[in-house]
Amino acid sequence: MTARPVRRPIGAITRGTTGHNRLRRSDRWISAVCGPLLRSSADARPLVVDLGYGASHITTYELFTRLRRVHPAVEVVGVEIDPERVAAAKPYEREGLSFRRGGFELPVARSPLVVRAFNVLRQYAEAEAWEHWDLMRSRIAPDGVIVEGTCSEVGHRAVWAALGAEGPRTLTFAARFTGFERPSDLAERLPKTLIHRNVPGERVHAFLTDWDRAWAACAPYGSYGSRQRWIRTAEALARDWPIATAPPAGGPARWRLGELTLPWTAVGP
Ligand SMILES: C[S@@+](CC[C@H](N)C(=O)[O-])C[C@H]1O[C@@H](n2cnc3c(N)ncnc32)[C@H](O)[C@@H]1O
């Protein structure tokens, strides 16, 4: 009998930097925006993958505890390409939370309904990032969502794309109000597929320029606090840009958290 060939995980081991609560902004967005998807799933144990969780299990564990409040039987699998990081996470397994080795092929038993991959693709080349998006899209459930993004060391500045099986859907910016001077400071956290597009003539550049302008025009609202200024800026921007203005992804309830979501088509290359 010949042994079954072991498929090599797709991707490469990269830096494992991570930290407690670093991904809370994406966790709460996933809870709010993907919550209805998880709750309405025909699968009694909807599957969520946290891809590339890094040197510690902590962000996967936090995603698990937050999503268990949204759906009490959600199952979360942390997938990491570095076998040593998988071994280090294994002791933290529990009912509904497990860790395994793998890559962009998403080696799980069922098609995941949600995949979160944060601070993973930024370490690849742009052309590879598009290919890995395609591969992951081909592996999720038909109505599944991939949340792929980047954030600062402690998570105060974050930007992520949400993709469906059909392609990218939205782009979300999220910031701590004390974590930036002007909205375009978040450009440094754009996904790999957009970071090189922040140049004149590209839509994402036009958007960030308009956002800075609206932020400056709304400076007087800063006397009521940065949250009010952010909300007023979002309202002003919505006159010219198709930003989400209603739940679950938009409107004051999201803006007050320092978030802004708009369709990918508005900013994509
Ligand atoms: C910078 S850490 C990010 C950790 C965590 N997601 C965070 O944002 O705090 C990136 C991790 O992704 C892993 N990684 C890179 N490519 C991967 C792939 N194709 N599949 C699974 N893990 C991958 C690396 O080994 C590394 O541990």
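Counting restarts for each chain, with residues numbered from 1 along the sequence as it is written. In keeping with the model being predicted, local features are shown solely for residues with a pLDDT of at least 70 and side-chain atom pairs are shown and tallied solely at 80 or more, while totals for entire chains, interfaces and linings include all residues.

Draft legend 1. Region of interest: the confidence of the model for the protein. For every residue, the predictor states its confidence as a pLDDT score lying anywhere from 0 to 100. Looking at the protein as a whole, its pLDDT mean stands at 96, while 98% of the residues score no less than 70. A pair of residues counts as a contact when their C-beta atoms, built from backbone coordinates, are separated by no more than 7 Å. Long-range and interchain partners of residues 1-5, a stretch whose pLDDT sits below 50, account for 0 contacts in this model, where long-range means more than four residues apart.

Draft legend 2. Local environment of unusual backbone geometry. In this model, P247 is joined to P248 through a cis peptide bond whose omega is 10 degrees. Within the fold, P248 resides in the loop between α8 (226-237) and α9 (252-255). Despite not being glycine, N21 has its phi angle at roughly 65 degrees, a positive value. Here a helix means four or more residues in a row that DSSP labels H or I, a strand means two or more in a row labelled E, and each is numbered from the N terminus. By the element assignment, N21 lies in the segment before α1 (24-33). Of note in the backbone geometry, L106 takes a positive phi value of approximately 55 degrees without being a glycine.

Draft legend 3. A look at α8. Take the number of residues in a helix, subtract one, and multiply by 1.5 Å to get its expected span. Between the first and last C-alpha of α8 there are 16 Å, a value that for 12 residues agrees with the 16 Å anticipated at 1.5 Å per step. Put plainly, a residue is buried at 20 or more neighbouring C-beta atoms within 10 Å of its own, exposed at 12 or fewer, and partly exposed in between, counting only other residues' C-beta atoms, which are placed from the backbone. The set of residues buried in α8 consists of W230, I231, R232, T233, A234 and L237. Where α8 is buried, its residues touch α7 (203-217), α9 and β8 (259-263).

Draft legend 4. Molecular detail of the sheet that holds strand β4 (residues 114-118). For two strands to be treated as a pair, DSSP must find no fewer than two bridges joining them. With mixed pairing, 8 strands are arranged side by side in an open sheet as β3-β2-β1-β4-β5-β6-β7-β8. The open sheet has two edge strands, β3 (97-101) and β8, and neither has a second partner. Geometrically, the sheet is characterised by an average inter-axis angle of 20 degrees between neighbouring strands, direction not taken into account. Direction of pairing for strand β5 (residues 145-151) relative to strand β6 (residues 157-164): antiparallel, over a ladder of 6 bridges. Note on β6: the bridge partner recorded for V147 is A162. Where helices are involved, their axes are fitted lines through C-alpha atoms of the stretch in contact, as for all axes, and angles between N-to-C directions lie from 0 to 180°. Set on the sheet, α1 makes contact with β4, β5, β6, β7 (167-175) and β8; between it and β4 the angle comes to about 165 degrees. Strands β4, β5 and β6 of the sheet are contacted by helix α5 (residues 126-137), whose axis makes an angle of about 150 degrees with β5.

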